[in-house]
Every structure is written in structure tokens, then in C-alpha cells.
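The primary structure of each chain is shown beneath.
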Amino acid sequence: MNVGVVVFPGSNCDRDVVWVTQGLLNQPTRMIWHEDSDLSDIDVVIVPGGFSYGDYLRCGAIARFSPVMQATIKHAEQGKFVLGICNGFQVLTEAGLLPGALVRNRDLHFVCDRVPLSVERTDLPWTNHYRTGEVITLPIAHGEGSYYADADTLKSLEDNHQVLFRYCSAEGKSDPLSNPNGSLNQIAGICNHQGNVLGMMPHPERASDPSLGGTDGLRLFEGMLSAIATIS
Amino acid sequence: MPVIASAPFSAEEIAAEGIKPEEYADIVQRLGRHPNKAELGMFGVMWSEHCCYKNSRPLLKQFPTEGDKILVGPGENAGVIDLGDGLQLAFKIESHNHPSAVEPFQGAATGVGGILRDIFTMGARPIALLNSLRFGSLDDAKTRRLFTGVVAGISHYGNCVGVPTVGGEVYFDPAYSGNPLVNVMALGLMETTEIVKSGAKGIGNPVLYVGSTTGRDGMGGASFASAELSDRSMDDRPAVQVGDPFLEKSLIEACLEAFKTGAVVAAQDMGAAGLTCSTSEMAAKGGVGIELDLDLIPARETGMVPYEYLLSESQERMLFVAHKGREQELIDIFKRWELQAVVAGTVIEESIVRILFKGEIAAEIPATALSDNTPIYHHELLKEPPDYARQAWEWSRDRLPTCNEKGIELASGFLTWNQVLLKLLDSPTIASKRWVYRQYDHQVQNNTVTLPGGADAAVVRVRPLANASSSSFVADPSSLTKGVAATVDCNARYVYLHPYEGAKAAVAEAARNLSCVGADPIAVTDNLNFGSPENPIGYWQLAEACRGLAEACTEFSTPVTGGNVSLYNETLDSDGKPAPIYPTPVIGMVGLIPDLSRIAGQGWKTEGDMIYLLGLEVNTPSESVTLGASEYLASLHSTIAGKPPTIDFSLERAVQTACRDGIRRGWIQSAHDSAEGGFAIALAESCLSGQYGAEITVDASPDRWDHLLFAEGGARIIVSVSREHQSDWETYLNLQLDAHWQKIGQVGGRSLRISTANHLWLIDATIAEMQCSWQDAIERRLAV
């Protein structure tokens, strides 16, 4: 699996992702500068967390215009894999690869915590190493992670089963108290209609290294790895 | 005729730069002429306490600064220690108190930015931040604004720049109402083969200005930081800088990349006193001079005069000396990160700082006059402790209302010990700081081993991202076994009531906290936050605290590698009457963890584990375990009096060694020191953190039950040990600690229950009710 990790000025989880794909999973991984647009050698493009270009206008609003994102859109159109984590998810919605938007957290504060998530669907490479309905724990760290979309978009997301991760209680119940940021329908991560583009606010790369505790995030990368191994 | 009478400035203009009349005379003598406006401003900032330590330098001399592991001590941008295996750690603490008092968000944010620059200027990648914060009472609306603003500012800057905020402390006390304290500590891992120093070298070498542009923001911040706050301080808001964490993140990457080229001779960040400080310090340290042309400095505003260029504290700027001929290589790196980079000057032989502006000399001052050979004030130390201290020391516990095994009769009515416990857990200083640390990204960089609130010190894995010669990542995760632990500590009430003992206690607690996670304490960075040294009581507090700090750092073999001095932390009311803060020497301490698989958190781990008290026994009324200066006395009896517990260094070292050994041998499951709130609160915190109850039996019939439950001190650590290791552990304890340990109970149930051997129940509180008091105590007070 050839992994490309996008680096914008202001990205700050780029190396954390590289640590997982290259350091823990031994996959060839390359960092892609925001001005580059050659992704021909890449199987999976990962848009990492951080504050691309400072996020001063609106999270991800500037990043979508970068050469690397234009190339990433083409990469996705070819049916190849794209994963956006945290700021990466925001960038993917701004770039139009995923529907909806991420707005300011409900209580207006940045929130860094570990939260339970239910895995809603496991027939995609991203989640095929999880069990459907399984409750996993992943770290979150964002100020603008409240998922918003209009009613029609939400309905089509649900009808097409595009919600992959939902905030839930430790017992797997979907209740408002376990919603850390006010996301509609408790949405933590969604994919596009084809399923090759995933955006999620939680950080799977922060729950991958056994020496730091939880490893619920590692299975997402492993799932991707086995899917790509099957294709090639 | 005094020289000041012939000055081209009025007495008010001179005073406005923070310069005293006798200092002005000194300046004239050194220059052989009157200074111009720009030069006067340069002297004003460089001779401020913040930059030249004119009041504290004689006291700082007594600190131990050398040791086997110390690679860089005081005098550089940060201290550096050796972690073995080629790993080196840079660390430093700094205050941003006065800016935060008038503009909490930017004041705190730029405090984070400033300390990070001190770290990466050395060639180290910042890997962790901690902060030590003090505010007035949350009942006060102004304090709530300051507190929420400071937390938001730290969150804004630290999160964006991508350095995890892994630990810290927050205290609330009316002593800080008008003058909050914001101290930030940063740690970094060296990424360059050579530590980058700040002394300019090589006559003719180019001086590069890199980073952000220069504007009129933060004018005279260093002088502002070295004066008392008053009800007119809000007018000084322009002296507070505005930070841009995004730019700083790019600056980190660009600087580290630049250092790795080998083209950089020396580097210095522009913090306090901006261009003035960086040019004069680099020149003075290198024994050379610097000529700088202001017309070449990238400006963000038009029409700036030399005075403004030189005193601006615009953020995210650095000064480099480069090898001649290699400047373009460096400029290209900065351009790639969309940052400014220009050659703005040259290293010259004559040891002066010469500033050019529009083709003329705008300022010319001997470099050492600004940064080395600066004024020193020796103050007279009071022969006797001041009245406030002597009166406080007369307090004895006999003055407390009577109590029995059930509780205590207060003016407000009878409180059971359970109620007292819950009340203490609800006091914001003891309560959970979750509201604060949830707003800080504490996991970015993927190395955070213990989460905030989970252990007595922060633990971060040491994982070099790249070595100097290549950008390849360390491939083998199993080789990454080392960690660093860090903590910031100071019980300022102790220091106020007894500066010497209080300062010793701060160092001892820092070392104890590191030991509780299993780390060997290595070195200290200190932040001395005090009132005015010109006031005899203020100077007595400073001098006595420095004496205690020096002695304790020697006793624990933890040399001081640098730090920060913040004096004049006072608020003047409209009548000019000063109200100083509690003297607060914050100790930032770092330690080494050789094997990350052998560490401990503060929460109970397993039902049935045995609980031990290390240190002085539960019922020891002595100078080392006392209700004097305690949180119980302050919170429940509104009394700030008594003497704080004294420190027994040999007992401290023995207990801390036992704790570390127990952790490394795999015996100890959890370890937590007994600090504010004493024995009972420490037990409650282990219950809350681990979500298990505990059955505790104390074999004692004390004359005061509150002493048994809530007295502080005694070098105490509470540990839990699995049953299978009980006999090994106890054999070891008999050898290591003699009689200074007790088996006091075991982990289990859903309540903390403390009873005596003859079945008197003192405490019986469920985890749920303790949680209810403790968890949201801060949020509840903010919700008004």
C-alpha cells in the first residue's frame, strides 16, 4: 500500500499518520507538499489533521484550492481511496468530495477527549476489520467538529448508509448526552456514495500505537491495507 | 548639576521608559553623551528586570547549575539535558503574567508562542507544553473572564501549533485577583547534531531576519512586564502582542530545516524587547558587534520610526547569523514556508550595536551595556521575619473549634467529616481540572503516555522524528522505550507563610510527583513570580525563597538550567496602595523514565490491591505534618496562618526512591502523593481517578481528627500493590524506609471508607457523590 500524506502549512497530524502507516504498519509512505500534484504512485491519500493555512477564513476553505487537493479530487474520481481526518474531513467537505459541513462545536469550546463510537457499516475497506454495531473508542480533538447538512442531504446520507461512525454511549446507545459537539444524527464520520472517500472527526492514528494505550484506530488502517492488497 | 537636568528629555519621558534618574546618569556616562530617543528606549527595555534581572541576579547565583546530565545551563534560550542514547532534551519555563492580566486571550497565547521559540531556537522540536496558572476567586466576574480568556488563549495557540499541552496546575486564591499568573513550560527534543547557541560569530557574516513582519504591536512589553499593575493598566493593552500560531508552526518547521543545513552560526528568538534584545544579546555573547539596517526589516506598517522598530514585540520573529555565502540557501527554505527572510545586517568587529535608518546611524550602543554589564541592585535583607509572618506563625491548631470522630462544629453549623471531604473536593483548587485540559489538544504528536488528570506528572514518549542527517523515521517501535516526565508545582500559600520552607516544599513536591510516575528527577527550570523587590517584605520573600530553592535543588541533585523572573506582581489601587500576590516560585521539573512499560498512574488499578502509606505515619503531629497553611484551614476555616510543613530531605529521598523502585520492579500499581487536602483527599483522588473504592483502617486515636484526615506534608505517597507482591514489597520497605510506611487498607467497593481500628467511621463516601462534588466544580462556578 503506497500512502501519501498531504502536508499543508499548518498541518500538524501529518507525522502522526506517517508514524502509523510507516512506523507501525511498514507501508511505504510519502509526504506530499501542498504545491505538488503528482499522486500517480499513491494508493491512499490521507489528508491529516491540523490547521491548514491557519484555518483563519473557515476550516479547509483555503486548502481546497491547493494543487494537491485538485489532484486529490481527480484521485478520488478514479475510485481510489481518500481519507480525511479531522481538519482533513473539513477540507474534504470544502472540496466537495463529501457532503455537509463541520461547524463550531455546540458549546463553542475546543474539545480533546476519548469518545465511544458505533461502527455503522463494515462492508467497506475502511471498516471491514470491525464488527457492525461494535463500539470502539477513538480520540477527538477539534473546535469545529459539529457535523451539519440540510435535511435532504442528511436523508440521502442515511438512506445510502454513508454514515460509518456515530457518537454513542459506552453501551452503544445513540443519545444526545454522548454527542460531544452537537453533530446532527451523531455523525462522526461519513463516506461518499461510492465509499472510496472517508471523512471523520475522530483520530484513528492516535489510537493505533499499543504503547500509548488503545488500538481501536489501527484496524481502520489494517482494513484499508488488506483491501488494497486484494485489489493489487 | 546632575546630568539629568541637561537631558534632552523631560523627567517624565525618562520615567516613562522605566528608567530611574540614577540609571539615566549611568547611561550618559557609558555613552559619553546623552542618548537619543531610540537609544533611551533600548536602555529602558534592556535594563528592565524582565531582561537583565537587576534585582534578582545576586540571588540566582546560589542555584546549583551543573551536573552530569546538564549540557546547557542558564544563559542560553533554554536548558538542555542528556537523556542518553544520543537523545537531548531542551526545556524552559516563562511567564506572561502582566499581558494576561489586561488581555487574557492574547497574553496567554503569546506566552505559549514565546516559550516555544526558546525551545526551537536551540534546534529542538517542541514535544510538550505544561502550564501553571493562578487566578483570584471564581466568584468574581472579572476572574471568570480572565480564567476563561487565558484557557482559550492557550488552547488557541497550543492546539494550532501542534504541540500537546500535557499537564499543569491551576490554583484559585483571592491573592491573585488583580494579578493572575500565567507560566508556560515547554519541552523539546533536539533534532540537530549541534545545539544551536546564540552568540554571534564570524566578522562579516550576514545577520538574517526571519519569520513574521515587524509592526507597532507589543511596544515596550518588557518594561510593562516590569512595573506594577494599576487601575490604569488597561491603557497599556497596546503593550500586549498578538500571536499567530499558524505562522509559528511554519517557523518551527523552517527553522529546524534551516539549522540542519549547517548554514546557521547562531540564532536568537525575538521575544521581550524584540530587535533590541536579540541584536545586543547575540553581539554581547559572541564578543562582537552587529550592524543592523532597519530599512531592510520587513514592516507591516508604514511610517515606523527607529524607536518603534527597535521596541516592537511583534511575534514569530527570529534573528540568525549565517555563514557568509550561504544566506540564499536559508532564504529559500523560509520562502518555501511563506515566511519573511532577509539579510538585514552584518557581524562587525567592534563590540557595539549599530542601528542604521535611512542611511544614518539611528543608535549606537556598546553591546555589553545593554545585555551583560547591566545595573545590579543589592537590597538589604530584613534581619527579622516581617510582622505578617510572625503573627501567622503564632497560630496553633488549638485555635480550631473542637471536633470528634463524627465531625466538627463550625460557625455555620456541624459538618461531618464526609461533608468536609466533599466540600474540599468541590474547592476549585482541588477539584477536577477537566474543564481546562479538555480544551487543550493533549495527544497530538502521538507520544502522550499518561493523560491529564491520570497521573501525578505528565509522561511523554521520546520518539525522535528524524535525525540530523536524514529525514528517515525510526523504524522499530520496540526500540522506543524511553520517556520524559514533567511537572510544574508550587504551593504558594506555603511560600507566603514561610518563603524558605515553602520553596523547599515546591521542589520536593515536584520531585515527588515525578517519582510517582516512576521517573528520576533530573533538572529544574524555575519561574520566580514575586511582588516588588523594592519593598523590604517583597525582597525578603524573594531572597528567602531563593535560599530554599537553591538548597532543595542541591539536595535532590536537580540543577537549575534557567528560567524566568517576574517581579512587580502587584496591583496598585487608585490610592497607589500595593497588593502583592503570594510569592510564587513555580518549579518546572523534568525526569527520565528508562522503561515506559514500568510507570504508574494515580488511580487504583485492581480490586483487592493492598494500599500503603509511605512517609510519616497517619497520626504524627510534628512540624513535618501540619494543618498550618493547609487547604483545609483556608477552605473550611478561612484562615491563612500557621507554618507550612517542613521538609525532611533524607525522608523525602528515601520515600521517592522506594516509590520509583516499586514501580520499576512491577510491584506498584498506582502512586499518588499527598498534597493539598492531605491524606483523605489523596485517597479520594485515587478512588476518582481509578473508579474503585477503598477500605482504609487507621490505627490511631488522635487528639484531633481533622489533623489525621487533612493535615499536609510528611513526604507522603499513597501506593497500591498487588497481593502477589505483598511480601517482597514489605521486605523491601523494611529495608528502605525503616518504620516510615504503613499498610492502611485495600482497593475495592464503590466507596471510600475510612475507619479506625476500634471501628469508628470517619469517612464513608461513594464514588458517585465524590464525583458529583469534584468533577464539575469549575464548570458550576462558570455557569453563573
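From a predicted model like this one, the values you see are computed outputs, not experimental measurements. (Residues numbered from 1 in each chain as written. Chains lettered and ligands numbered in written order. Predicted model: local features only at pLDDT ≥ 70, side-chain atom pairs only at ≥ 80, totals over all residues. Heavy atoms only, no water.)

Draft legend 1. Main features of the overall build of chain A. Assigned secondary structure in chain A consists of five helices and eleven strands. The globule rule puts the C-alpha radius of gyration for 232 residues at 17 Å, and the 16 Å found for chain A is close to it. Based on the C-alpha atoms only, the size of chain A along its principal axes is roughly 45 × 35 × 35 Å. Going through the 232 residues of chain A one by one, you find that 63% of them count as buried. Here the contacts in chain A between residues at least 6 apart in sequence split such that 74% fall between residues at least 24 apart. Summing over all exposed atoms, chain A offers an accessible surface of approximately 8,400 Å²; the carbon and sulfur share of this is 52%. Considering chain A, the positive charge centre built from 16 side chains and the negative charge centre built from 26 side chains are found 2 Å apart. (Helix = DSSP H or I, 4+ residues; strand = E, 2+ residues; numbered from the N terminus. Rg over C-alpha atoms; globule rule 2.2 N^0.38 Å. Buried < 20%, exposed > 50% of the residue type's maximum accessible area, 1.4 Å probe, protein only. Contact = heavy atoms within 4.5 Å. Areas by Shrake-Rupley, 256 points an atom, 1.4 Å probe, with all protein chains shown as cover. Lys, Arg positive; Asp, Glu negative; His and termini not counted. Charge placed at Lys NZ, Arg CZ, Asp CG, Glu CD.)

Draft legend 2. Spatial organisation of the overall build of chain B. Across its full length, chain B carries 27 helices and 32 strands. At 27 Å, chain B has a C-alpha radius of gyration in line with the 28 Å of a compact globule built from 784 residues. The principal-axis extents of the C-alpha atoms in chain B amount to approximately 90 × 65 × 45 Å. Counting the 784 residues in chain B, one finds 65% classified as buried. Residue pairs at least 24 apart in sequence account for 83% of intrachain contacts in chain B once pairs closer than 6 positions are excluded. If you sum the accessible surface of chain B, you get close to 25,600 Å²; carbon and sulfur atoms cover 49% of it. One way to put it: in chain B the 63 positive side-chain charges average out to a point 2 Å from where the 97 negative ones average out.

Draft legend 3. The interface of chain B and chain A, seen in detail. If you look at the interface, chain B gives 38 residues, while chain A gives 33 residues. Between chain B and chain A, the buried area comes to about 3,100 Å², and carbon and sulfur atoms account for 55% of it. Inspection of the chain B/chain A interface yields five salt bridges. A salt bridge links R438 of chain B to D113 of chain A, with the nearest nitrogen and oxygen atoms 2.5 Å apart. The tally of links between chain B and chain A comes to 14 residue pairs in polar contact (both at pLDDT 80 or more). At the level of secondary structure, the elements contributing two or more residues to the side of chain B that touches chain A comprise α8 (141-161), α10 (245-260) and α17 (434-437) of chain B. Within the side of chain B that touches chain A, the residues separate by chemical class into 16 nonpolar, eleven polar and eleven charged. (Buried area = accessible area lost by both parts, 1.4 Å probe. Salt bridge = Lys/Arg side-chain N within 4 Å of Asp/Glu carboxyl O. Polar contact = N/O pair within 3.5 Å; in protein donor to acceptor, adjacent residues only side chain to side chain. Nonpolar A, V, L, I, M, F, W, Y, C, P; charged D, E, K, R; others polar.)

Draft legend 4. Local environment of the environment of E685 of chain B. Residue and element names in this part refer to chain B. You can see E685 is positioned in helix α23 (residues 678-690). For E685 and E350, which are 335 residues apart along the polypeptide, the C-alpha to C-alpha distance reads 61 Å. What E685 contacts, discounting residues up to four positions off in sequence, is I430, Q602 and H672.

Draft legend 5. The sheet that holds strand β4 (residues 124-135) of chain B, seen in detail. Residue and element names in this part refer to chain B. Read from one edge to the other, the open sheet built from six strands follows the order β1-β2-β3-β6-β4-β5, with strand pairing classed as mixed. Of all strands in the sheet, those with a lone pairing partner are β1 (70-72) and β5 (165-172), marking the two edges. This sheet shows a mean twist of 25 degrees between the axes of neighbouring strands, independent of strand direction. Across ten bridges, the pairing between β4 and strand β6 (residues 181-190) is antiparallel. When the sheet's bridge partners are listed, L130 is paired in β6 with M185. Where helix α7 (residues 104-120) meets the sheet, it contacts β3 (87-95), β4 and β6, and its direction lies at approximately 30 degrees from that of β6. (Pairing = 2+ DSSP bridges. Axes fitted to C-alpha atoms, helices over the stretch in contact; angles between N-to-C directions.)

Draft legend 6. Highlighting the pattern of salt bridges. All names here are of chain B. Following the criterion strictly, the structure yields 56 salt bridges over all chains and no others. Its salt-bridge partner being R781, residue D426 comes within 2.9 Å of it at the nearest N-O pair. Residue D426 is located in the loop between α16 (417-425) and α17, and its partner R781 is located in helix α27 (residues 777-782); the two are separated by 355 residues in the primary sequence. Of the charged contacts in the structure, one is a salt bridge between R653 and E555, with a shortest N-O distance of 2.6 Å. Of the two residues, R653 sits in helix α22 (residues 649-664) while E555 sits in helix α20 (residues 536-555), which places them 98 residues apart along the sequence. Residue class for R653 comes out partly exposed when judged on its relative accessible area of 33%.

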